[in-house]
Amino acid sequence: MEKRVRVRFAPSPTGGLHMGGVRTALFNYLFAKKHNGDFILRIEDTDQTRFVAGAEQYIIDALTWCGIAPNEGVGFGDGPHAPYRQSERKATGIYKNYADRLIASGHAYYAFDTSEELEDMRKRLEAAKVVAPQYNAVTRQNMRNSLTLPEDEVKRLIESGAPYVVRLKVPRNEEIRFQDIIRGWVTVNSSQVDDKVLLKSDGMPTYHLAHIVDDIEMQISHAVRGEEWLPSAPAHILIYRYLGLENDMPKLAHLPLILNPDGHGKISKREARFPVFPLSWEDPRDHVPYGGYREAGYYPEAFVNILALLGWNPGDNKEIMSLEEMAALFEFERVSKSGAKFDPEKAKWFNQQYLKSKTDGELAESFRPLLKEKGYEPDDAFLKEYCRLVKEKVQFVNDFWAQGRFIFEEPEKLDEAVLNKKWKDTSAATFTLVLNKFKELTTWDIPSVTACFHEAEAVNGGKIDMQLLRVLVTGASGGPQLFDTIALMGKEKVVARLEKGLKWVVANIEKK
RNA sequence: GGCCCGUUCGUCUAGGGGUUAGGACGCAUCCCUUUCACGGAUGAAACACGGGUUCGAUUCCCGUACGGGCUACCA
């Protein structure tokens with residue numbers, strides 16, 4: 001019988017969760033949803049030296065914002081396997097129990113080497129031109145551990161409280177073969193694997209031991225994680241094997257990494273010219289602030305959509321998909337093996353697609369608070385119309401203000417490039433005519449304003465340059481639909497702008 | 001350096017022994033438009049290289065190159 005699908009996202013709270021981590025969480029989420037399984041959040045806080053206050057809450061907030069909340073685990077309600085924080089699980093003695101089992105069966109051992117002794121070993125090996133210095137089947141013979149020390153000495157050391165670690169006893173030369181759902185068969189020789197530390201001298205398990213114990217205990221069916229774990233997977237296979245759990249271990253899926261669009265390597269928060277965090281993040285240690293996708297104006301649906309298509313696709317050409325649609329289509333067989341460079345331009349396009357699908361009312365509601373910050377609180381009808389005009393021009397609600405700011409505030413200057421290019425000796429008379437026509441107008445709406453302009457053209461005896469009118473009224477060479485904008489601004493404002501603009505242009509622009 | 005993983009337009013990717021190698025972003029041109037966009041159409045743009053296997057390879061195999069990851073009592 002197939003195991004119930006239970007997957008976990010297991011970050012360590014060492015900082016803000018970046019977009020790569022979110023994507024790992026997302027794939028876990030999609031897979032769980034597709035199979036009506038469980039999605040668990042487990043916090044892997046076994047490294048006390050790297051613990052960062054607030055990081056755990058950030059992870060919870062980020063997953064929530066993205067709409068991919070786990071249904072079990074830290075921050076999302078305890079399930080049958082509580083606690084879900086490894087530091088708390090350690091208190092139950094669970095990790096030590098498993099380590100003891102490995103020691104009892106002869107697959108793990110105590111090591112008493114100090115960090116200086118380890119350092120010396122590495123130096124010695126490097127001096128001897130050993131390419132990959134490591135604590136392994138060969139070098140452990142010369143170190144202080146329970147395999148080299150007499151039994152009573154080991155006993156004495158432990159009883160005296162001497163610090164020790166527990167290491168995995170990796171065989172010297174053995175082919176380790178395992179299957180990855182995404183990559184197929186992977187083979188590594190055990191000579192490439194070092195005697196990994198399982199239990200640290202502070203009693204905490206390392207990732208290698210802890211995640212295996214927890215995946216077994218929590219009955220995880222699939223371990224989905226980043227490609228950076230591929231090299232240590234053989235060691236993990238060995239641990240499962242020595243524990244007699246190879247048949248119960250989760251299936252493995254190593255996700256390709258998200259790469260920097262320019263430059264090299266995986267995405268780094270320092271050099272990126274785009275947000276790398278879902279939510280803004282400030283590390284309490286150095287107080288360097290980083291912007292987030294939320295603050296940049298991305299819709300969570302868009303953000304998650306972008307991420308999903310970085311390394312996965314449904315097989316047809318569909319790109320805009322809801323979480324539900326993606327979950328229905330998701331499978332690891334369609335996850336690519338190679339890393340994907342993130343394209344910030346395409347990310348913006350995705351957001352634009354989502355923005356275009358919103359109603360004017362929805363847009364008005366999301367723009368209202370931003371506008372209030374600027375000191376303006378127009379009525380609903382005005383705001384909706386504003387959004388209708390401006391939405392076709394932008395990718396983010398955050399840009400709504402800049403796009404139509406001139407409607408609220410007088411422009412500081414008029415676009416001189418356009419004026420210099422197009423202003424003619426007859427222009428002043430032409431636009432005075434337009435101004436006067438506008439002044440006479442009693443009904444001020446889109447059809448009336450449009451008709452009024454056409455009347456002016458009739459009197460003028462020819463087309464009147466709309467871009468010049470645009471500059472005179474709005475200051476800019478481009479912007480939303482002109483007549484619609486003029487109608488929205490109201491007669492008083494338009495007339496005043498036109499008068500003032502005309503005066504300024506006559507005094508400052510050279511005629512053609 | 002060693003080990004592991006990878007390599008289709010600039011980017012994300014579809015495809016897969018015989019295809020005009022498809023789509024999307026971006027870019028260019030045109031159409032729509034008396035302004036600005038949206039939209040529509042079109043175009044430029046890719047199978048890393050060298051050997052095999054085969055009637056035939058971009059697709060399978062092997063090398064090389066390039067890219068990425070790992071190489072801690074970090075995850």
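Residues numbered from 1 in each chain as written. Chains lettered and ligands numbered in written order. Predicted model: local features only at pLDDT ≥ 70, side-chain atom pairs only at ≥ 80, totals over all residues. Heavy atoms only, no water.

**Section: the protein's contact with RNA strand B**
Then step 1. Surrounding RNA strand B, one finds 63 residues, the nearest of these being Arg183, Glu319, Lys393, Glu457 and Arg470.
Then step 2. At the protein interface, 72% of the atoms of RNA strand B within 4 Å belong to sugar or phosphate.
Then step 3. A distance of 2.9 Å separates a phosphate oxygen of RNA strand B from a polar atom in the side chain of Thr46.
Then step 4. Asp113 is positioned with one of its backbone polar atoms (N or O) 3.2 Å from a base nitrogen of RNA strand B.
Then step 5. Contributing elements (two or more residues each) for the surface near RNA strand B: helix H5 (115-127), strand S5 (165-168), strand S7 (184-189), strand S14 (340-341), helix H12 (344-356), helix H18 (446-460) and helix H19 (466-474).
Then step 6. Looking at the surface near RNA strand B, the element that brings in the most residues is H12, giving four residues.
Then step 7. Taken together, the residues of the surface near RNA strand B break down into 19 nonpolar, 20 polar and 24 charged. (Near = heavy atom within 4 Å. Polar contact = N/O pair within 3.5 Å; in protein donor to acceptor, adjacent residues only side chain to side chain. Helix = DSSP H or I, 4+ residues; strand = E, 2+ residues; numbered from the N terminus. Nonpolar A, V, L, I, M, F, W, Y, C, P; charged D, E, K, R; others polar.)

**Focus: the packing of aromatic side chains**
Here a ring pair, both rings aromatic, is described through the centre-centre distance and the interplanar angle of the planes.
Then step 1. On inspection of all chains with the given rule, the structure shows 27 aromatic pairs.
Then step 2. The interplanar angle of 35° and the centroid separation of 4.9 Å between the aromatic rings of Tyr376 and Phe408 together place this pair among those described as tilted. Taken together, the positions of Tyr376 in the loop between helix H13 (360-373) and helix H14 (380-390) and Phe408 in helix H15 (residues 400-408) put the pair 32 residues apart, joining distant regions of the chain.
Then step 3. Residue classification places Phe408 among the buried residues on the basis of a relative accessible area of 13%.
Then step 4. Grouped by ring-pair contacts, the aromatic residues Phe367, Tyr376, Phe382, Tyr386, Phe400, Trp401 and Phe408 constitute a single cluster. (Phe/Tyr/Trp six-rings, centres within 6.5 Å; stacked < 30°, edge-to-face > 60°. Buried < 20%, exposed > 50% of the residue type's maximum accessible area, 1.4 Å probe, protein only.)

**Digging into the environment of Tyr386**
Then step 1. Relative to the helices and strands, Tyr386 resides in helix H14.
Then step 2. Take Tyr386: its relative accessible area is 1%, and that puts it in the buried class.
Then step 3. Spatially, the C-alpha atom of Tyr386 lies 7.5 Å from that of Leu488, the residues being 102 residues apart in sequence.
Then step 4. If sequence neighbours within four positions are ignored, Tyr386 has contacts with Phe367, Phe400, Trp401, Gln403, Gly404, Arg405, Ile407, Phe408 and Leu488. (Contact = heavy atoms within 4.5 Å.)

**Quick notes on unusual backbone geometry**
Then step 1. Here the bond from Ala82 into Pro83 is cis, since omega is -5°, no more than 30 degrees from zero.
Then step 2. Among the structural elements, Pro83 can be located in the loop between strand S3 (72-73) and helix H3 (86-90).
Then step 3. Phi at Lys129 is positive, roughly 65°, even though this residue is not glycine.
Then step 4. You can call Lys129 exposed: its relative accessible area is 72%.
Then step 5. A positive phi angle, near 60°, is found at His287, a position not held by glycine.
Then step 6. Note on placement: His287 falls in the loop between strand S12 (281-282) and strand S13 (289-290).

**Focus: the sheet that holds strand S8 (residues 197-199)**
Then step 1. Strand order in the open sheet formed by three strands is S4-S5-S8, and the pairing between neighbours is antiparallel. Of all strands in the sheet, those with a lone pairing partner are strand S4 (108-111) and S8, marking the two edges. When the angles between neighbouring strand axes are averaged without regard to direction, this sheet yields 45°.
Then step 2. Taken together, the two bridges between S5 and S8 define a ladder with antiparallel strand orientation. By the bridge assignment, Arg167 is partnered in S8 with Val197. (Pairing = 2+ DSSP bridges. Axes fitted to C-alpha atoms, helices over the stretch in contact; angles between N-to-C directions.)

**Describing the confidence of the model for chain A**
Then step 1. For chain A, per-residue confidence averages 95 on the pLDDT scale, and 99% of positions sit at 70 or higher.
Then step 2. Under the prediction, the complex receives an ipTM of 0.95, its pTM being 0.94. (pLDDT = per-residue confidence, 0-100.)

**Description of the pattern of salt bridges**
Then step 1. On inspection of all chains with the given rule, the structure shows 37 salt bridges.
Then step 2. The shortest N-O distance in the salt bridge between Arg42 and Glu44 comes to 2.9 Å. Exposure class is identical for Arg42 and Glu44. Each is buried.
Then step 3. Of the charged contacts, one joins Asp194 and Lys196 as a salt bridge, the two residues approaching to 2.7 Å between their closest N and O atoms.
Then step 4. For Lys196, a relative accessible area of 16% translates into the label buried.
Then step 5. It is possible to trace a salt-bridge network through shared partners that takes in Arg8, Arg42, Glu44, Arg89, Asp214 and Asp215. (Salt bridge = Lys/Arg side-chain N within 4 Å of Asp/Glu carboxyl O.)

**Some remarks on the packing of helix H17 (residues 427-440) against H18**
Then step 1. Direction vectors running N to C along H17 and H18 enclose 140°, while the axes themselves pass 9 Å from each other. With respect to each other, H17 and H18 are oriented oblique. Remark: the crossing between H17 and H18 carries right-handed chirality. Contacts between H17 and H18 involve Thr430, Leu433, Val434, Lys437 and Phe438 from the former and Val449, Cys452, Phe453, Glu455, Ala456, Val459 and Asn460 from the latter.
Then step 2. A breakdown of the residues in the contact of H17 with H18 according to their chemical character gives eight nonpolar, two polar and two charged. (Parallel < 35°, antiparallel > 145°, perpendicular 65-115°, else oblique. Left-handed = near helix turned anticlockwise from the far one by under 90°.)

**Overview of the environment of Ser357**
Then step 1. Locating Ser357 in the fold gives a position in the loop between H12 and H13.
Then step 2. For the pair Ser357 and Pro300, spaced 57 residues apart in sequence, the C-alpha separation works out to 14 Å.

**Examining the packing of H19 against helix H21 (residues 491-508)**
Then step 1. Here H19 crosses H21 at 105°, and the two axes come no closer than 7 Å. Classified by the angle their axes make, H19 and H21 are roughly perpendicular. Side by side, H19 and H21 meet where Leu469, Leu472 and Val473 of the first sit next to Val494, Arg497, Leu498, Gly501, Leu502 and Val505 of the second.
Then step 2. Here the contact of H19 with H21 is composed, by residue class, of seven nonpolar, one polar and one charged.

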